[in-house]
Amino acid sequence: MVVLEFEYLYETSRTILTPQQIVYKLGAELQSAVCDYPFPIIAEIAIGETWTRDPFDRLIVSHAKANGRAGLVSRDELIAEHYPNTIW
């Protein structure tokens, strides 16, 4: 889901890097990787994320929660307010 949001940000000129460039850069600099956790489980967790109507945010936070409350790189203040393991 985060790769799709990167594409959305690229298409709306909110970033100059393509999703592939962002994923590569994050992997190289932070040793992060796109996780293949089962989407149905993430979607089930997202149902309980009622603090936002943004489906990207709901799924991205739920994905981090599903992965043992993993660190989540985001500058989104609303995410940071509702997910304590936000990194920025």
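Going by the structure above, here's the rest.
Heads up: these notes are all about the structure in this document.

Cut-offs used in this document
- Residues numbered from 1 in each chain as written.
- Predicted model: local features only at pLDDT ≥ 70, side-chain atom pairs only at ≥ 80, totals over all residues.
- Heavy atoms only, no water.
- Salt bridge = Lys/Arg side-chain N within 4 Å of Asp/Glu carboxyl O.
- Helix = DSSP H or I, 4+ residues; strand = E, 2+ residues; numbered from the N terminus.
- Buried < 20%, exposed > 50% of the residue type's maximum accessible area, 1.4 Å probe, protein only.

Moving on, we come to the pattern of salt bridges. Applying the stated rule across the entire model yields two salt bridges. Across the pair Glu-29 and Lys-25 runs a salt bridge, and its minimum N-O distance is 2.9 Å. With Glu-29 and Lys-25 both in helix H2 (residues 19–30), this residue pair falls four residues apart, about one helical turn. Assessed through its relative accessible area of 52%, Glu-29 is described here as exposed. Its salt-bridge partner being Lys-65, residue Glu-49 comes within 2.6 Å of it at the nearest N-O pair. Of this pair, Glu-49 sits in the loop between helix H3 (39–46) and helix H4 (55–66) while Lys-65 sits in helix H4; the two residues are 16 residues apart in sequence, bridging distant segments of the chain. Note on Glu-49: relative accessible area 5%, which makes it buried.

Any link to function would need more than the numbers given here.
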